[in-house]
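# Overview (structure and organization)
Below, each chain spelled out in residue letters.
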Amino acid sequence: MFGRFMPTEGKFFEYFNQHADCAVTASRELETLINDLANAEVHARKVQATEKKADRITHDTIDLLHKTFITPLDRDEIHKLITTMDDILDLMEDVAETITLYDVTTLNDEARKLAVICVQCCELVKIAVGLLEDMGNASAILKTAQQIDQLESEADRIMRSAISRLFRDETDVKSLIKMKAIFEQLETITDKCEDVANIIEGIVLENA
């Protein structure tokens, strides 16, 4: 469907793919951070560097949007997609900063499980974005979006269970506040991935 567009217009899809690559890279680094708290600051700096790279891609995308007369997707859809994808990176940077600023030295299995789901969601976002240029991929895109929705539901379940157990078992108020914040931030990453999936679903349904 999009083959007839000028090469400049195809640059939007390149930016989407580059941004999705950043999300995968940052999510994997965040997972590594959570499993290697002794070197949290090193990993946090890498997450931050990737977030800054994604910011530049977002800026370039919006700049191109202003300069392009005919766009391959609705202008609002392009803006909404790239800025929501950028929110994913912002949230991952927030988690990394929270862990380092709070000087968190231990995290439990629930946090590690949530980190794994964040990676899985970002990998699926990358797949969906990579398929977006060709509406012949509509079925595969919608299936991928559904998988993201399922993972978000699983993350929500893990977070609720973790916080419930935290309030039952944790006697140190400071530790409770720290852990609750981290659980919620990790789950919010999957929420934002689901938001991206919903935007992509809308694009597919309008253009397929």
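Model, not experiment: these values are computed from the prediction. (Residues numbered from 1 in each chain as written. Predicted model: local features only at pLDDT ≥ 70, side-chain atom pairs only at ≥ 80, totals over all residues. Heavy atoms only, no water.)

## Things to note about the overall build of the chain
Note the following rule: A helix here means a DSSP run of H or I that spans at least four residues, while a strand means a run of E at least two residues long, and both kinds are numbered starting from the N terminus. Computation of the radius of gyration draws on C-alpha atoms, with the globule rule given as 2.2 Å multiplied by the number of residues to the power 0.38. Categorising residues by exposure relies on relative accessible area from a 1.4 Å probe, with only protein chains included: less than 20% of the type maximum marks a residue as buried, more than 50% marks it as exposed, and the intermediate range marks it as partly exposed. Any two residues whose heavy atoms approach within 4.5 Å at even a single point are treated as in contact.
Helices and strands together make up the secondary structure of the chain, namely 6 helices and 0 strands. Over its C-alpha atoms the chain spans a radius of gyration of 18 Å, differing by no more than 12% from the 17 Å that the globule rule assigns to 208 residues. Here the chain, with 208 residues, has 49% of them falling under the buried criterion. Sequence separation of 24 or more characterises 83% of the internal contacts of the chain that already satisfy a separation of 6 or more.

## Considering the pattern of salt bridges
The test is simple: A pair is scored as a salt bridge if a Lys or Arg side-chain nitrogen falls within 4 Å of a carboxyl oxygen belonging to Asp or Glu.
Going through the model one piece at a time under the given rule, you end up with 12 salt bridges. Among the ionic pairs, Asp195 bridges to Lys192, the shortest N-O distance being 3.5 Å. With a gap of 3 residues between them, Asp195 and Lys192 both fall in helix H6 (residues 173–207), about one helical turn apart. Overall, Asp195 belongs to the partly exposed group, its relative accessible area being 31%. Here the salt bridges share partners, and the residues they tie into one network are Asp87, Lys192 and Asp195.

## Examining H6
For an α-helix, 3.6 residues make a turn, and residues three or four places apart therefore share a direction. Test applied: A helix is expected to span 1.5 Å for every residue after the first. Residues adjacent in sequence count toward polar contacts only when both atoms are side-chain atoms; beyond that, a polar contact is any pair of N or O atoms within 3.5 Å, and within protein one must be able to donate a hydrogen and the other to accept it.
Taking 1.5 Å per residue, 35 residues should reach 51 Å; H6 reaches 51 Å between its end C-alpha atoms and fits that length. Structurally, the start of H6 carries an N-cap: the backbone nitrogen of Lys174 is 3.1 Å from a side-chain oxygen of Asp172.

## Some remarks on the side chain of Ser27
Relative to the helices and strands, Ser27 resides in helix H1 (residues 7–35). Contacts of Ser27, omitting those with residues within four sequence positions, involve Met92, Cys118, Val119 and Cys122.

## Quick notes on the packing of aromatic side chains
Threshold: Any two rings among Phe, Tyr and Trp, with Trp reduced to its six-membered ring, count as a pair given centres within 6.5 Å; such a pair is stacked if its planes are under 30 degrees apart, edge-to-face if over 60, and tilted if neither.
Applying the stated criterion across every chain yields a total of 1 aromatic pair. With 6.1 Å between their ring centres and 80 degrees between their planes, Phe13 and Phe16 make a pair best called edge-to-face. Placement of both Phe13 and Phe16 in helix H1 is noted, with a separation of 3 residues, approximately one turn of the helix. With relative accessibility at 1%, the residue Phe16 sits in the buried group.

## Observations regarding the environment of Glu201
You can see Glu201 is positioned in helix H6. Taking the C-alpha atoms as reference points, Glu201 and Ala54, 147 residues apart in sequence, are found 22 Å from one another. In contact with Glu201, other than residues within four places in its own chain, are Leu142, Ala145 and Asp149.

Read these as layout, nothing more, since geometry by itself doesn't imply function.
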